[in-house]
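# Coordinate analysis (summary)
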Amino acid sequence: MIDSFFLFTVIIVILALVFDFINGFHDTANAIATAVSTKALSPRIAIAMAAIMNFLGALTFTGVAQTITKDIVDPFTLDNGSLVLMAALLSAIIWNLITWYFGIPSSSSHALIGSIAGAAIISAGFQALKYGGFLKIIEALILSPIIAFVVGYIIYSIFKIAFKNWNLPKTNKRFRYFQIFTAALQSYTHGTNDAQKSMGIITMALIANNFHTTDDIPFWVQLACATAMALGTSIGGWKIIKTVGGKIMKIRPVNGVAADLSSALIIFGATYIHLPVSTTHVISSSILGVGASHRVRGVKWDTAKRMLITWVITLPISALLAAFIYFILDLFA
């Protein structure tokens, strides 16, 4: 007879890898949309490159995964930990699929973290949250897009001064080549941060069911999550590519390079200090910052407003959805 703890753990691992897979095709657009929209790369080559660089990025670091494992709730003392994690993953997956279907670049990170919080609260009350770590994560999620906007604005302002005497067609051609590098860098940094969230969830499940005794991330978990995200990335997310690549502003190669560099800098900085951020928010905000620096009226602020609303509602909606799913699971557990 299969041990129930083992069965729950297997289900959570599968759900976490499904989430990572969906996260891959949901967020592929963020890393390569500017390169595709400027024709620096064909969609097929851009997606293949993004998949490879995501995979390599996911294998490089584990600090963000450890933050997810131990800073939202305590996996060693969490009541009904398996049900909490199952509800959280199902909630995040559902919200990701809804926003992907409608082509809205929402945040997988907000969905997952909101879902963990919602499921934990319905299971054990508000005291289940580790408020110091949880608020630190929320601050990172809120501040990172603001910083990305400012950095994007500054970097493009520097570009305007540095290259003001360059021939525009030649400048665009040179930046189009450079954009291949920045798109690869962006895909790599995406892997260093986003893939680690599922690693943290799986490690929490291993701890909660007594299969692991520390918050260190097992290598098989790292490899499995890296593979799942790379496979998801290889599918591509065309609906979101259209939104990020064309519905925020008309992107030229020089704009794309400035946006890519800005967002890669912010994402990698967050990874370095072990904080999860929304790559969706950071990349979209970098494009908005670049657009505002280039020409404020050239930014399609209606699209930006729709994205902002989605960003704001994702945390509470995913928390409520996870709480509801937990309630249903608990009835049949």
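Residues numbered from 1 in each chain as written. Predicted model: local features only at pLDDT ≥ 70, side-chain atom pairs only at ≥ 80, totals over all residues. Heavy atoms only, no water.

## Looking at the overall build of the protein chain
- Per the secondary structure count, the protein chain includes 12 helices and 0 strands.
- Listing every helix and strand of the protein chain by position from the N terminus yields α-α-α-α-α-α-α-α-α-α-α-α.
- The C-alpha radius of gyration computed for the protein chain amounts to 20 Å, which stays within 12% of the reference 20 Å derived for 333 residues, consistent with globular compactness.
- Expressed as lengths along the three principal axes of its C-alpha atoms, the size of the protein chain is roughly 70 × 35 × 35 Å. (Helix = DSSP H or I, 4+ residues; strand = E, 2+ residues; numbered from the N terminus. Rg over C-alpha atoms; globule rule 2.2 N^0.38 Å.)

## Focus on a nonpolar patch on the surface
- Taken together, Ile 142, Leu 143, Ile 146, Ile 147, Val 150, Tyr 153, Ile 154 and Ile 158 make up a surface patch of nonpolar side chains, about 720 Å² in accessible area.
- Checked against the element boundaries, Leu 143 lands in helix 6 (residues 131–162).
- Given a relative accessible area of 46%, Leu 143 falls into the partly exposed group. (Patch = residues over 30% accessible without salt bridge, like charges linked within 9 Å, V, L, I, M, F, W, Y side chains within 5 Å. Areas by Shrake-Rupley, 256 points an atom, 1.4 Å probe, with all protein chains shown as cover. Salt bridge = Lys/Arg side-chain N within 4 Å of Asp/Glu carboxyl O. Buried < 20%, exposed > 50% of the residue type's maximum accessible area, 1.4 Å probe, protein only.)

## What to know about the pattern of salt bridges
- Considering all chains together, one arrives at 3 salt bridges under this definition.
- A salt bridge links Asp 194 to Lys 197, with the shortest nitrogen-to-oxygen separation between them at 2.6 Å. With a gap of 3 residues between them, Asp 194 and Lys 197 both fall in helix 7 (residues 168–208), about one helical turn apart.
- Because the salt bridges share partners, they merge into one network encompassing Lys 70, Asp 71 and Lys 136.

## As for the nonpolar core
- In this structure, Ile 72, Leu 89, Ile 113, Met 199 and Ile 201 are the most contacted members of the largest nonpolar core, which totals 52 residues.
- Of all the secondary structure elements, the ones that give two or more residues to this core are helix 1 (4–37), helix 3 (63–71), helix 4 (81–101), helix 5 (108–124), helix 6, helix 7, helix 8 (219–235) and helix 12 (301–332).
- The greatest single-element share of this core, amounting to 10 residues, is contributed by helix 4.
- In this view, Leu 89 contacts Ile 12, Leu 15, Ala 16, Phe 19, Leu 112 and Ile 201; residues no more than four positions away in its chain are not counted.
- Counting residues in hydrophobic clusters, the runner-up holds 21 residues, among them Val 151, Val 254, Val 257 and Ala 259. (Core = buried A, V, L, I, M, F, W, Y, C linked by side-chain atoms within 4.5 Å. Contact = heavy atoms within 4.5 Å.)

## Structural notes on the confidence of the model for the protein chain
- For the protein chain, the mean per-residue pLDDT works out to 86, and 92% of the residues sit at or above 70.
- Across the protein chain, helix 3 holds the top mean pLDDT of 93, while helix 9 (residues 238–247) sits lowest at 52. (pLDDT = per-residue confidence, 0-100.)

## Considerations on the packing of aromatic side chains
- In this structure the tally under the stated criterion is 6 aromatic pairs.
- Ring geometry for Phe 159 and Phe 163: centres 5.6 Å apart, planes at 75 degrees, overall edge-to-face.
- When the ring of Phe 159 is compared with that of Phe 175, the centres are 5.6 Å apart and the planes differ by 45 degrees; the resulting orientation is tilted. With Phe 159 in helix 6 and Phe 175 in helix 7, the pair connects residues that are 16 residues apart, well separated along the chain. This pair shows no difference in class: Phe 159 is buried, exactly as Phe 175 is.
- What links up through ring pairs into an aromatic cluster is the set Phe 159, Phe 163 and Phe 175. (Phe/Tyr/Trp six-rings, centres within 6.5 Å; stacked < 30°, edge-to-face > 60°.)

## Points about the side chain of Ser 109
- Tracing the backbone through its elements, the reader meets Ser 109 in helix 5.
- We classify Ser 109 as buried; its relative accessible area is 2%.
- In contact with Ser 109, not counting residues within four places along its chain, are Leu 141, Asp 194, Lys 197, Val 277 and Ser 278.

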